[in-house]
Amino acid sequence: MIRINLLPPDMRGRRIRLRRIVGVVSCLIFLLCGSVYGYGLYAELQLRAELQQMQSRYELLRPTLDRMMATQQQQQQINGKSTILLNLTRDRQSWHAVLTHIGVLTPSTVWLTEMEGGNKHLVLKGMAVSYPDVAVFLEKLMSDTFFAEPVLIRTDKDEELNVTRFELTVKIKGM
């Protein structure tokens, strides 16, 4: 049924049309959803661009990172070898210093022919012009602070060479 209102417009009652309200609200909701979707799309595009930029930076820095990792590995190897060398030098006494010290103590009439080094001890074999020269060498070893407990093991007179052969052991204090 169609209704016609013939009253003048000022007298007509105000009617709020439900269809118009629903249409306006629907349009507003649609615009709001579209705006939210558009903002999300815009934010996603910005994040993708930023990601792409970061990936390109990463790729540019990749060779430097590889070199840095290789350098760190080499440094670790060098540190490991240095540690081994430090442990070895801490555990070992310099035989050069020991032999130099023996050379200083040895009189000119005594010749060393063999030396055998063990753990904190040394076996010396050699020749001397006479028994007193061996005794002088033994006294020097006894009075020295680098060596301890020198012991004469044997002495022999070599008539053919006219020398005295000797063998003695000595402990090394520094080792």
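So, how was this worked out
- Residues numbered from 1 in each chain as written.
- Predicted model: local features only at pLDDT ≥ 70, side-chain atom pairs only at ≥ 80, totals over all residues.
- Heavy atoms only, no water.
- Helix = DSSP H or I, 4+ residues; strand = E, 2+ residues; numbered from the N terminus.
- Rg over C-alpha atoms; globule rule 2.2 N^0.38 Å.
- Buried < 20%, exposed > 50% of the residue type's maximum accessible area, 1.4 Å probe, protein only.
- Salt bridge = Lys/Arg side-chain N within 4 Å of Asp/Glu carboxyl O.
- Disulfide = S-S within 2.5 Å.
- Contact = heavy atoms within 4.5 Å.
- Core = buried A, V, L, I, M, F, W, Y, C linked by side-chain atoms within 4.5 Å.
- Expected span 1.5 Å × (residues − 1).
- Arc of directions from axis to C-beta.
- Phe/Tyr/Trp six-rings, centres within 6.5 Å; stacked < 30°, edge-to-face > 60°.

Draft legend 1. Structural detail: the overall build of the protein. If you tally the helices and strands in the protein, you get 3 helices and 4 strands. Ordered by position from the N terminus, the helices and strands of the protein form the series α-α-β-β-α-β-β. Taken over C-alpha atoms, the radius of gyration comes to 51 Å for the protein, far larger than the 16 Å a tight globule of 175 residues would show. Based on the C-alpha atoms only, the size of the protein along its principal axes is roughly 160 × 30 × 25 Å.

Draft legend 2. Region of the structure containing the side chain of threonine 164. Of note, threonine 164 is situated in strand E4 (residues 163-172). Among the residues examined, threonine 164 registers a relative accessible area of 0% and is labelled buried.

Draft legend 3. Examining the pattern of salt bridges more closely. Taken as a whole, this structure holds 8 salt bridges when the rule is applied. Here aspartate 66 ties to arginine 62 by a salt bridge, and the two come within 3.8 Å at their closest N and O atoms. Of the two residues, aspartate 66 and arginine 62 both sit in helix H1 (residues 18-91), 4 residues apart, roughly one turn of that helix. Residue aspartate 66 is classed as partly exposed on the basis of its relative accessible area, which comes to 40%. Judged by relative accessible area, which is 33%, arginine 62 ranks as partly exposed. Between glutamate 116 and lysine 125 there is a salt bridge, with its nearest N and O atoms 3.9 Å apart. The class for glutamate 116 is partly exposed, based on a relative accessible area of 41%. It is possible to trace a salt-bridge network through shared partners that takes in Glu114, Glu116 and Lys125.

Draft legend 4. Representation of the state of the cysteines within the structure. Inspection of the entire model under this criterion finds 0 disulfides. Looking at cysteine 27, it has no disulfide partner, and the nearest cysteine sulfur is the one in cysteine 33, 12 Å off. Classification of cysteine 33 by relative accessible area gives partly exposed; the value is 47%.

Draft legend 5. Structural detail: the side chain of threonine 106. Secondary-structure assignment places threonine 106 in the loop between helix H2 (95-105) and strand E1 (110-117). With sequence-adjacent residues up to four places away left out, threonine 106 is seen in contact with Leu112 and Phe137.

Draft legend 6. Summary view of the nonpolar core. Leu122, Leu124, Phe137, Leu141, Phe147, Phe166 and Leu168 are the most contacted members of the largest nonpolar core, which totals 16 residues. Looking at this core, the elements that each hand over two or more residues are H2, strand E2 (121-128), helix H3 (131-143) and E4.

Draft legend 7. Here's a closer look at unusual backbone geometry. In this model, glutamate 149 sits at a positive phi of 50°, which is unusual for a non-glycine residue. Its place among the elements puts glutamate 149 in strand E3 (residues 147-158). Positive phi outside glycine occurs at asparagine 162, with the angle close to 60°. Its place among the elements puts asparagine 162 in the loop between E3 and E4.

Draft legend 8. Here's a closer look at H3. With 13 residues, H3 should reach 18 Å at 1.5 Å per residue; the first-to-last C-alpha distance of 19 Å fits that figure. Of all the positions in H3, only Asp133, Val134, Phe137, Leu138 and Leu141 are classed as buried. Within H3, the buried residues cover an arc of 140° as seen down the axis, which keeps them to one side. In H3, the exposed residues that point more than 90 degrees away from the buried face are Pro132, Glu139, Met142 and Ser143. In this fold, the buried residues of H3 make contact with H2, E1, E2, E3 and E4.

Draft legend 9. Highlighting the packing of aromatic side chains. The final tally for this structure, using the stated rule, is 2 aromatic pairs. Ring centres of phenylalanine 146 and phenylalanine 147 lie 5.2 Å apart, and the angle between their planes is 90°; this geometry places the pair in the edge-to-face category. Here phenylalanine 147 falls in the buried class, since its relative accessible area comes to 1%.

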